[in-house]
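Structural characterization, general
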Amino acid sequence: MRVFSGARPTGRQHLGNYVGAIQNYVKLQREHECIYCIVDIHALTSLEGAEEVSHLKGNIREMLLDWLAAGLDPEKSILFVQSHVPEVMQLHTMLSMVTPLSWLLRVPTFKEKVHSQKENVNYGLVGYPILMTADIILYKGEIVPVGEDQLPHLELAREIVRRFNHLYGYTFPEPQAKLTTVPLIRGLDGTQKMSKSYNNQVDLASSPEETVERIMSAFTDPSRKYRRDPGHPELCNIYSLHQFFTAGRVAEVALECRSAGIGCVDCKKLLAKGINTNLEPFRERRRELESRPDYIEEVLQEGACRARAIAEVTLSEAKMRMGLT
Ligand code: AMP
Ligand code: TRP
């Protein structure tokens, strides 16, 4: 079964991306053929004008450096940029004709965008999940490692696939989301998901000092006002990170928090230390990769070439099914 996933070129990746998605990208490489895509066309749905798009190139580079340093191996997986394989735009248009508008208007992320970018509610935003479906099925991806926030998109992708197969004959397998054990990481503000757009993130490539500073500024269990109050790990965004970065001591942390044996300051210090220890090899590899400026270009060229070979075959098949010979 083929694995496909995508992520928007937001630049440096944060702990949410890593814990929610990238660690699964890396694991799946061992057993499957994997394709990972940097979705620059999707990014355009939230960018406007020459100044804003001028950051795409740098963001793609920063993101790929993080992916490679985290263990993605271009010898094993195909790593490429969405717009380098333009076949996806044709499949997107074709899938638009099999997707009822009512399905798209119900998507929660679309409704959120209508509020958060009122001044730029473009047509591409409505079609965002169709483009995402086209990404996956152009490569007949069946396993899709993503964070929890992407589940509504994946559900819609499955509906579009079912409808296509029903109307035109079985062509595409239904993609399945694959979550990690901690599929949603909240940001330092403790309320929203960790995201660059909320500036509540800790970047993987931060220095150890920056990591400590960011973690120490985090909100914790809101019901724990004083040091003597018992805490509720299940309500605390710091605890969800402990599950990943301080795994060996997570039961102890939960117990100490509930009994007020440990205060939030010490708990955060422990977490920052765990993150820095865990990410030391990542940061070392990233520094090495940064010193090889041409390498990123080579990986992306090779990736686009391999991806395109698969995309061309699927697109011809889909065109034939839809009578476009
Ligand atoms: P994005 O940067 O929003 O394109 O997301 C790339 C991948 O990381 C997707 O699979 C997301 O579901 C995942 N992801 C992003 N933010 C988080 C988060 N705060 N917690 C868990 N997963 C996340
Ligand atoms: N919508 C995803 C996000 O915001 C990115 C994405 C685009 C994607 N195409 C995809 C994820 C295909 C998985 C599969 O993170």
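Position labels on residues start from 1 in each chain and follow its written sequence. Chains and ligands are labelled sequentially in the order written, the chains with letters from A and the ligands with numbers from 1. In view of the model being predicted, local features appear only for residues whose pLDDT reaches at least 70, and side-chain atom pairs are presented and counted only at 80 or more, with totals across whole chains, interfaces and linings using the full set of residues. By convention in this description, side-chain values take in all heavy atoms of the structure and omit both hydrogens and water.

**Digging into the overall build of the protein chain**
- The secondary structure content of the protein chain amounts to 14 helices and five strands.
- For the radius of gyration, the atom set is restricted to C-alpha positions; the globular benchmark scales as 2.2 Å times the number of residues to the power 0.38. Over its C-alpha atoms the protein chain spans a radius of gyration of 21 Å, differing by no more than 12% from the 20 Å that the globule rule assigns to 325 residues.
- Seen through its principal axes, the protein chain has C-alpha atoms that stretch 70 × 45 × 40 Å.
- A total of 325 residues make up the protein chain; the buried ones form 51% of that total.
- Across the protein chain, every contact between residues at least 6 apart in sequence was considered, and the portion connecting residues at least 24 apart equals 79%.
- Total accessible area on the protein chain stands at roughly 15,700 Å², and carbon and sulfur atoms take up 54% of it.
- In summary, the charge assignment counts Lys and Arg as positive and Asp and Glu as negative, without counting His or the chain termini. Where a charge sits is defined by one atom per residue type, namely NZ (Lys), CZ (Arg), CG (Asp) or CD (Glu). Each charge sign in the protein chain was given a centre, from 39 positive and 41 negative side chains, and these centres are 4 Å apart. Strands here are runs of E lasting at least two residues and helices are runs of H or I lasting at least four, both read from the DSSP assignment and numbered beginning at the N terminus. For every residue, the accessible area obtained with a 1.4 Å probe (protein chains only) is divided by the maximum for its type, and the residue is called buried under 20%, exposed over 50%, and partly exposed between those limits. Should any heavy atoms of two residues lie within 4.5 Å, those residues are considered in contact. Surface accessibility follows the Shrake-Rupley procedure with a 1.4 Å probe radius. Residue values consider only the protein chains on display as shielding.

**A look at helix 4 (residues 56-69)**
- Expected span of a helix: the number of residues minus one, times 1.5 Å. Between its first and last C-alpha, helix 4 extends 20 Å over 14 residues, near the 20 Å set by a 1.5 Å rise per residue.
- For helix 4, the set of buried residues is L56, I60, M63, L64, L65, D66, W67, L68 and A69.
- At the C-terminal side of helix 4, G71 shows a positive phi close to 120°.

**Overview of the domain arrangement of the protein chain**
- For each domain, the first and last residues come from an automatic or database assignment. You can read the domains of the protein chain as domain 1 (2-184 + 293-321) and domain 2 (206-287).
- Once you take the C-alpha centre of each, domain 1 and domain 2 turn out to be 32 Å apart.
- What counts as buried area is the accessible surface, traced by a 1.4 Å probe, that two parts surrender upon association, with contributions from both included. In total, domain 1 and domain 2 occlude about 1,000 Å² of area from one another, counting both sides; carbon and sulfur atoms represent 66% of this.
- Of all residues in domain 1, L15, A69 and V182 bury the most surface against domain 2, accounting for 46% of the area lost on that side.
- In the analysis that follows, any N or O atom pair within 3.5 Å is treated as a polar contact, provided that within protein one partner can donate a hydrogen and the other can accept it, and provided that, for residues neighboring in sequence, both atoms belong to side chains. In this structure, the connection of domain 1 to domain 2 is made through three residue pairs in polar contact (both at pLDDT 80 or more).
- Residue contributions to the side of domain 1 that touches domain 2 peak at five residues, all from helix 4.
- Residue classes in the side of domain 1 that touches domain 2 are distributed as eight nonpolar, two polar and three charged. Gly is placed with the polar residues, together with every amino acid not listed as nonpolar (Ala, Val, Leu, Ile, Met, Phe, Trp, Tyr, Cys and Pro) or charged (Asp, Glu, Lys and Arg).

**Observations concerning the side chain of R286**
- Note on placement: R286 falls in helix 13 (residues 264-290).
- Within polar-contact distance, the side chain of R286 engages the side chain of D66 at 2.6 Å.
- With residues up to four places along the chain from it excluded, the contact list for R286 reads R12, E62, L65, D66, A69 and A205.

**Quick notes on the site of ligand 2**
- By nearness alone, 13 residues border ligand 2, and G6, R8, Y128, D135 and Q150 come closest of all.
- Between ligand 2 and R8 there is a distance of 3.2 Å, counted from an oxygen atom to a side-chain nitrogen or oxygen.
- Note that a nitrogen atom of ligand 2 is positioned 2.7 Å from one of the side-chain N or O atoms of D135.
- For the shell around ligand 2, the secondary structure elements donating two or more residues are strand 1 (3-7) and helix 8 (123-138). Note on definitions. A residue lies near a molecule or strand when any single heavy atom of the residue is within 4 Å of it.

**With respect to the nonpolar core**
- Put simply, buried Ala, Val, Leu, Ile, Met, Phe, Trp, Tyr and Cys residues joined by side-chain atoms within 4.5 Å make one nonpolar core. In terms of nonpolar packing, the biggest core is built from 56 residues, with L15, Y18, Y36, L64, W67 and F245 touching the most fellow members.
- Domain assignment of the residues forming this core places at least three in each of domain 1 (2-184 + 293-321) and domain 2 (206-287).
- In contact with W67, other than residues within four places in its own chain, are A7, Q13, I22, Y25, Y36, C37, I38, L72 and L79.
- Listed in part, the 43 residues of the second largest apolar core include I41, Y139, I160 and A307.

**Re the environment of C257**
- Its location among the elements puts C257 in helix 12 (residues 250-258).
- Linking C257 and P230, residues 27 residues apart in sequence, is a C-alpha distance of 6.4 Å.
- Other than its neighbours up to four places away in sequence, C257 contacts R224, P230, G231, H232, P233 and I262.

**Observations regarding the pattern of salt bridges**
- Just to be clear on terms, a salt bridge is a Lys or Arg side-chain nitrogen sitting within 4 Å of an Asp or Glu carboxyl oxygen. Counted by the stated rule, this structure contains 16 salt bridges.
- Taking the shortest distance from any N to any O, the salt bridge between R308 and E87 comes out at 3.1 Å. Of this pair, R308 sits in helix 14 (residues 293-321) while E87 sits in helix 5 (residues 87-96), and the two are 221 residues apart along the sequence.
- According to the relative accessible area criterion, R308 is partly exposed, its value standing at 34%.
- Classification of E87 as buried rests on a relative accessible area of 7%.
- The network of salt bridges with shared partners includes R12, E62, D66, R286 and E290.

**Considering the packing of aromatic side chains**
- Each Phe, Tyr or Trp ring (for Trp, its six-membered ring) is paired with any other whose centre lies within 6.5 Å, and the angle between the two planes then decides the class: stacked below 30 degrees, edge-to-face above 60, tilted in between. Summed over the entire model, instances satisfying the criterion amount to nine aromatic pairs.
- Summarising the aromatic geometry, the rings of F4 and Y139 are spaced 5.4 Å apart at their centres and angled 10° between planes, so their arrangement reads as stacked. Of the two residues, F4 sits in strand 1 while Y139 sits in the loop between helix 8 and strand 4 (143-145), which places them 135 residues apart along the sequence. Residue F4 shares its accessibility class with Y139, and that shared class is buried.
- Look at F164 and Y168: their rings are 5.2 Å apart centre to centre, the planes differ by 50°, and that puts the pair in the tilted class. Taken together, the positions of F164 and Y168, both in helix 9 (residues 151-168) and four residues apart, correspond to about one turn of that helix.
- Against the face of Y295 rests R292, its NZ or CZ located 4.2 Å from the ring centre. Sitting over a ring, as applied to charges here, requires NZ of Lys or CZ of Arg to be within 6 Å of the ring centre and within 35 degrees of the ring normal.

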